[in-house]
Amino acid sequence: MAAALLENLTREQYIYLVKLVEQAKCYEEMVKFMEKLLIGSTSPGVLELTVEEWNLLSVAYKNMIGSLRSTWRIVSSIEQKEECQKNNEHVVLVKDYRSKVEAKLSTVCARILGILDSHLIPSASSGESKVFYLKMKEDYHQYLAEFKVGDERKSAAEDTMLAYKATQDIALVDLALMHPIRLGMALNFSVFYYEILNSLEKACGMAKQKIFWDICVKVLGGIDDATHFQDSLLHNLLASNDIVWEKNTSPLKSLSKPLNFFSIIFC
């Protein structure tokens, strides 16, 4: 009876339930309610999600996938230690558990990528919503690339690149330079170059270029108060990544002397 009450609810009722289970940190339930809302209220030609609703969707999946990604990293680290210590019996057990975590990761990523392709991206009417959904697509292909191997890893990396390019094409036209989504794109894609493609120089270059663009816009007064806080957090993450990455490599030739950000931006 209780389960039946949670079927065929109104949009407002599903959103209430989503917020309810978010407070209880029940993110799998949060995802289920968001999916019910999406299937019932969103399809090409129908009113798209509000900003609040798409943020709730993002929070639901980010928390669920975040827990699994954290588990995978910890288990993979333990696996490496057991291999180094030649504890073969333990290695077999850890590998088996890791494969189960990877299966869950694959399932979650496939679910949200399917929703993005079948519902959210086709129904997006504004540049901001299109960029938001395409960035999600980019993110979840990147999450697949983190643990896949061989041809599957290559395919996931290629899909990430395609999604990034599609996102960038729209963002360059429809979003302000300092829009938080654009900063998030720069942050995530620099990490993609570093962690997935193992291109440290490219990762540093992307982070540094975005940092100097941001400084220029701030100096010229091109940022409003509404986005300042989120922008500052993302900017600091970019800068922190750049510092850490540069410690892991020899100085790049282009960084051998102090940089003048105006010469970079206006050259």
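Refer to the structure above for everything that follows.
This write-up is about the structure you can find in this document. No experiment lies behind these values; they were computed from the predicted model shown. (Residues numbered from 1 in each chain as written. Predicted model: local features only at pLDDT ≥ 70, side-chain atom pairs only at ≥ 80, totals over all residues. Heavy atoms only, no water.)

1. So, the environment of Leu17
So, point 1. Residue position: Leu17 is located in helix H2 (residues 11-23).
So, point 2. Separated by twelve residues in sequence, Leu17 and Glu29 place their C-alpha atoms 9.0 Å apart. (Helix = DSSP H or I, 4+ residues; strand = E, 2+ residues; numbered from the N terminus.)

2. Regarding the nonpolar core
So, point 1. In this structure, Leu57, Tyr61, Leu120, Tyr133 and Tyr140 are the most contacted members of the largest nonpolar core, which totals 52 residues.
So, point 2. Beyond its immediate sequence surroundings of up to four residues, Tyr133 is in contact with Glu48, Leu49, Trp54, Leu116, Leu120, Ile121 and Ala124. (Core = buried A, V, L, I, M, F, W, Y, C linked by side-chain atoms within 4.5 Å. Buried < 20%, exposed > 50% of the residue type's maximum accessible area, 1.4 Å probe, protein only. Contact = heavy atoms within 4.5 Å.)

3. Digging into the packing of helix H6 (residues 127-147) against helix H8 (residues 180-196)
So, point 1. For the pair H6 and H8, interaxial distance at closest approach is 11 Å and the crossing angle is 20°. As judged from the angle between their axes, H6 and H8 are roughly parallel. The interaxial crossing formed by H6 with H8 has left-handed handedness. On the side of H6, the interface is formed by Glu128, Val131, Phe132, Lys135, Glu138, Asp139, Gln142, Ala145 and Glu146, while H8 contributes Ile181, Gly184, Met185, Asn188, Phe189, Val191, Phe192, Glu195 and Ile196. (Axes fitted to C-alpha atoms, helices over the stretch in contact; angles between N-to-C directions. Parallel < 35°, antiparallel > 145°, perpendicular 65-115°, else oblique. Left-handed = near helix turned anticlockwise from the far one by under 90°.)

4. Structural notes on the pattern of salt bridges
So, point 1. Here the structure, examined in full by the defined rule, presents 14 salt bridges.
So, point 2. In this structure, the salt-bridge partner of Lys95 is Glu79, at a minimum N-O distance of 2.8 Å. On the criterion of sequence distance, the pair formed by Lys95 in helix H5 (residues 88-123) and Glu79 in helix H4 (residues 51-84) is long-range, its members being 16 residues apart.
So, point 3. A relative accessible area of 6% places Glu79 in the buried class.
So, point 4. Three or more residues joined by partner-sharing salt bridges are found here, namely Glu79, Glu83, Lys95, Arg98 and Glu102. (Salt bridge = Lys/Arg side-chain N within 4 Å of Asp/Glu carboxyl O.)

5. With respect to H8
The α-helix winds at 3.6 residues per turn, so residues separated by three or four positions along the chain end up facing the same way.
So, point 1. Its 17 residues place the ends of H8 23 Å apart at the C-alpha level, agreeing with the 24 Å of an ideal helix rising 1.5 Å per residue.
So, point 2. The buried fraction of H8 is high, at 15 of 17 residues. (Expected span 1.5 Å × (residues − 1).)

6. Overview of unusual backbone geometry
So, point 1. Backbone geometry at Lys25 places phi at a positive 60°, although glycine is not the residue there.
So, point 2. One can find Lys25 in the loop between H2 and helix H3 (27-41).
So, point 3. Even without a glycine there, the phi angle at Lys86 is positive, about 60°.
So, point 4. Here Lys86 shows up in the loop between H4 and H5.
So, point 5. On the accessibility criterion, Lys86 (66% relative accessible area) is exposed.

Keep in mind that these numbers describe shape and distance, not what the molecule does.
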